[in-house]
Each structure stands twice: as C-alpha cells, then as structure tokens.
Amino acid sequence: MKKYFILVIAITLVCMTVLFSACLLMPSDKDNQDNGKIKVDSSDFNVTSIKAEPVAISTSAKMKVKDSYTDGQYNYYLINVGYIKNMYMSTLAMVEYNGNPIDFSETVTTTATYMESLTYCVENSITFSKSNSNSVGIEIGTEIGFGKNNKFKISGQYTWEGVDTNSSSTNTSKQDTTQKADSFARSQVCNFSLGKGDKEGCYRYAIYATCDVYFNIKTSKDNANLLLSRTEVCSREGTFKVRSEYSADGEFDNTPISKISISEDFYKDLPIPTKKTNKPTTDFVTKELYNDIIRSGEYKVRGSGKICDATFQLNDTISNLKKNGYNRINFNIDYQLREQDECWIFVNLYDEYNNSIYYRKVEHGGTTVNRNYSMYNIDIEVDIETLESHNFRIEFKAENKMWKDFYVGTVKGKVTAIKTEE
C-alpha cells in the first residue's frame, strides 16, 4: 500500500458547514480519503500562479471623481482609479516536497504581510507619466514630481470622510482589506497528503481577491499643488478565493499583466468642488521617533544562510504613544546592497520578539551578477496595535547555499508616529 506523508494545515477550525475544502478542487469521495485527510497528488495543483489584472475605471484622460468637497482653503477628492482582479493576498500554507518525509511549513500571516502584497501589486499596476515614453511606477512617482514630498501611501482601509454620492457602481467596495483577508484565511481548513510518485517542488494554497483602488487626496485651493495623497485598496465582498498552486523552483509569479497609466498632474484638471463643509478637516500630526544611521561600513554575508543584522530603538515606548493618541507608525529605511555572486537576498524587519513587520526578497542583479551598490527602501505604515515593542532589528539573510555571497552597506532609518486630529 502506498505510504503517504501527511501535511495537515489547520488555519482555524470552524463549523463544518463552512469548511472550504470543496473550493480547493480536492476530491471528495470516500475512497480518496484517509482518516479525514484528503490524498492529493501533484496533478491537483495548478502549475502556474495567477497574474493580477488591473482595470482602469475610465479609458479617457479624465479621472473618475467619486466625491469632493472644500473647506475654503483646501480641496479634497476621492478618486476611483479602477480595480485589480486576481490580486494575490497571502499564502495559507506552503511546503517544499522532495520525495522524503517533509516538515510542516505553515505561513503565519500578519497585517504587514497583507500590506506587503497589496503594496507590491499596486506599485506594479499603476504608472504616472508625462508622456507615453516617460512612465514611472507609483513607488517612485516623486522622481517626476508627482506628489512632491508626499509619496502615495498604500492603505488597506477606506478613510474618506465625505459622502460618496457619485458612485457609478454598487459593486465598489469600502471594506477593510486586511481585516477581511485575515477573517477569510482563518475560516479555511486545508487537509492534504503527498506521496511517492508526486512531483518534487513547492506546493501552496494562495488567497486571491478583487480590490478597488482609490486616491484620497488633498490639494491647494486652485488645484495647483498636491498636498497629501493616500492610495486606498478595498477588497470586494465575495471575491476571495483559495487556489492550489505548484512551482518546481519555488517561484510564484503574480506580476500584473498590464498597468493603469495616469498623468502625473491629473489633479490640476479636477473640477473645483462646489460642495463646502464647515467640519474641521482631519490632518496628520507626527512625532519623530528615530532618525539615524542604523549601521555603516561594508559587511560581507558569506552565503549558506548567514546573516547581517542591526538593531535600533525608538525614543518612545509603544504604550506611551498609544496613550498620547498615536495610531500608526511609519518605517522609512534606506539600505545598500551589492552582490558578489548571483543570489537572492532576504530582507526582514522584526521587533525584539521576532514578529515580522516587513519582508522582501531582493534579486539585485537579476540573472547576472551586479557588484555595484544600489539603494533600496522600506516605506511602510503599520497599525500601532500590531506592535509589541519599540526595539527593532533589520536582517539581511543569504540563500542557504554555498557561493551566494553579497555585501550590505549603509543602512539609515527614519521612524515616525502618526495620529489624526480634528
């Protein structure tokens, strides 16, 4: 009788009436089950991951204004940019199968993990341009003047304070994406087993959804200047799905198949709002918590899973910041990397309890070796409730293989606490 190595992933047990095993395209007949564990071979997994599909709300040069108002000094707009189908959210579970007994590998998903996925997808789905020949991604839009000193912050929450009176579709969403994604993930129970004869490689269960994208912006009275900008990503109800996927080399490509192109100065052509409000507008109050060199000099990481890390401490505690009304923390960290060998470089930001706040896999030179330094950036905003400590550690880790060496240069960080005031 064929022996199977059982991998059981239980995200959260829920009522049997809401078990989601059927949507995972797993066999359900009794002959194909063993003590409640469903036997699955490699043919049950899709051999390609899904690429996101950005869809612009308008094909004309004019942006779709869902709502706008003015306080007499500034103008405020909610812009419906479009939506993104098949946006990758997170991985429920993933295992690398090599034909031998395998260790269980459960993916722990945090709010920061969801935000990393949202940010990657949006930054690769939207471009700003002066012309068709001069386009840059949303991440570096400031390089052509877009947003001036205010990068478009990616948020998974809908924070528009006005009333959306110009909605063209009842399908657009206002729900909290990270909260809904986490709730959906916790409702899943995945049971499967792999045995001899199955293909070696990586197997995962990935969550996808359709999300609406909005620009929430503040401009000067004449719309000549963009003062504040925020990109809000809201998942649509009923679009979450789980997909079983396989990759021989462990790489899953979710890069968007197209881009939504927007003029860098689109805000200058927006109609001046006629609706006025006497309500005090919400503005941001910030407090600098850290602004210094985290590490300097060159450090060689000599492959085989070795690391270079450095710690830093904020000048105030999380509990004290909460008492004073701060609700978000922005991490803006610049770091230099260069290769000795062609390799992946794994970048992690942890708190002192090793809770992951940020993760990125960097391929510095692509498929060739790049021995020149390049500057990379972490720019994330997290809910203060997700933080347990004001001590942090940034880690640069090598692949767990020989001849995968790289260098870490200067690392500089700026951390800011944010609260809103009326």
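Residues numbered from 1 in each chain as written. Predicted model: local features only at pLDDT ≥ 70, side-chain atom pairs only at ≥ 80, totals over all residues. Heavy atoms only, no water.

Participant: Explain the overall build of the chain residue by residue, including any values.
Facilitator: What the chain contains, in helices and strands, is 3 helices and 23 strands. By sequence separation, contacts in the chain at least 24 residues apart represent 82% of the contacts at least 6 residues apart. Accessible surface for the chain amounts to roughly 20700 Å². Of this, 46% is attributable to carbon and sulfur atoms. (Helix = DSSP H or I, 4+ residues; strand = E, 2+ residues; numbered from the N terminus. Contact = heavy atoms within 4.5 Å. Areas by Shrake-Rupley, 256 points an atom, 1.4 Å probe, with all protein chains shown as cover.)

Participant: Let's hear about unusual backbone geometry: which residues, and what values?
Facilitator: Phi is positive for Asn86, which is not a glycine, with a value near 55 degrees. When you line up the elements, Asn86 lands in strand E6 (residues 74–97). Look at Asn86 and you get buried, because its relative accessible area is 14%. Residue Trp403 is not a glycine yet carries a positive backbone phi of 60 degrees. Of note, Trp403 is situated in the loop between strand E22 (391–398) and strand E23 (405–421). (Buried < 20%, exposed > 50% of the residue type's maximum accessible area, 1.4 Å probe, protein only.)

Participant: Tell me what's going on with the side chain of Asp67, and back it up with residues and numbers.
Facilitator: Take Asp67: it is sitting in strand E5 (residues 64–70). Taking the relative accessible area as the measure of exposure, Asp67 reaches 2% and is therefore buried.

Participant: Residues and numbers for the sheet that holds strand E19 (residues 345–351), please.
Facilitator: Sheets are built from strands that pair by backbone hydrogen bonding, the pairs being arranged parallel or antiparallel. Sheet architecture is open: 4 strands sit in the order E17-E22-E19-E20, paired in antiparallel fashion. Each having just a single partner strand, strand E17 (307–313) and strand E20 (356–362) make up the two edges of the open sheet. Averaged over all pairs of adjacent strands, the angle between their axes in this sheet comes to 10 degrees, without regard to strand direction. Both E17 and E22 contribute to a ladder of 7 bridges, which runs antiparallel. When the sheet's bridge partners are listed, Cys308 is paired in E22 with Phe396. (Pairing = 2+ DSSP bridges. Axes fitted to C-alpha atoms, helices over the stretch in contact; angles between N-to-C directions.)

Participant: Quick one: what's the story with the state of the cysteines, residue by residue and with numbers?
Facilitator: Joining two cysteines, a disulfide is a covalent bond between their sulfur atoms. Evaluation of the coordinates by the stated rule reveals 0 disulfides. Free of any disulfide, Cys234 has its nearest cysteine sulfur in Cys211, 8.1 Å distant. A relative accessible area of 0% places Cys234 in the buried class. (Disulfide = S-S within 2.5 Å.)

Participant: Can you break down the side chain of Ser247 residue by residue, with the values?
Facilitator: Looking at the element boundaries, Ser247 is found in strand E13 (residues 241–247). There is a polar contact of 2.9 Å between the side chain of Ser247 and the backbone oxygen of Glu251. Apart from residues no more than four positions distant in its own chain, Ser247 is found in contact with Gly201, Cys202 and Phe252. (Polar contact = N/O pair within 3.5 Å; in protein donor to acceptor, adjacent residues only side chain to side chain.)

Participant: Break down the pattern of salt bridges for me, citing the residues and quoting the values.
Facilitator: Applying the stated criterion across every chain yields a total of 15 salt bridges. Notably, a salt bridge pairs Arg204 with Glu245, separated by 2.7 Å at the nearest N-O pair. Here Arg204 is found in strand E11 (residues 201–220), whereas its partner Glu245 is found in strand E13, with 41 residues between them in sequence. Residue Arg204 is classed as buried on the basis of its relative accessible area of 4%. (Salt bridge = Lys/Arg side-chain N within 4 Å of Asp/Glu carboxyl O.)

Participant: Explain the environment of Val362 to me, using residue names and the numbers behind them.
Facilitator: Following the sequence through the fold, Val362 ends up in strand E20. What makes Val362 buried here is its relative accessible area of 2%. Sequence separation between Val362 and Cys343 is 19 residues, and the spatial gap between their C-alpha atoms is 8.6 Å. Val362 has contacts with Tyr335, Leu337, Cys343, Trp344, Ile345, Val347 and Tyr376, leaving out every residue within four places of it along the chain.

Bear in mind that shape data such as this cannot, by itself, settle questions of function.
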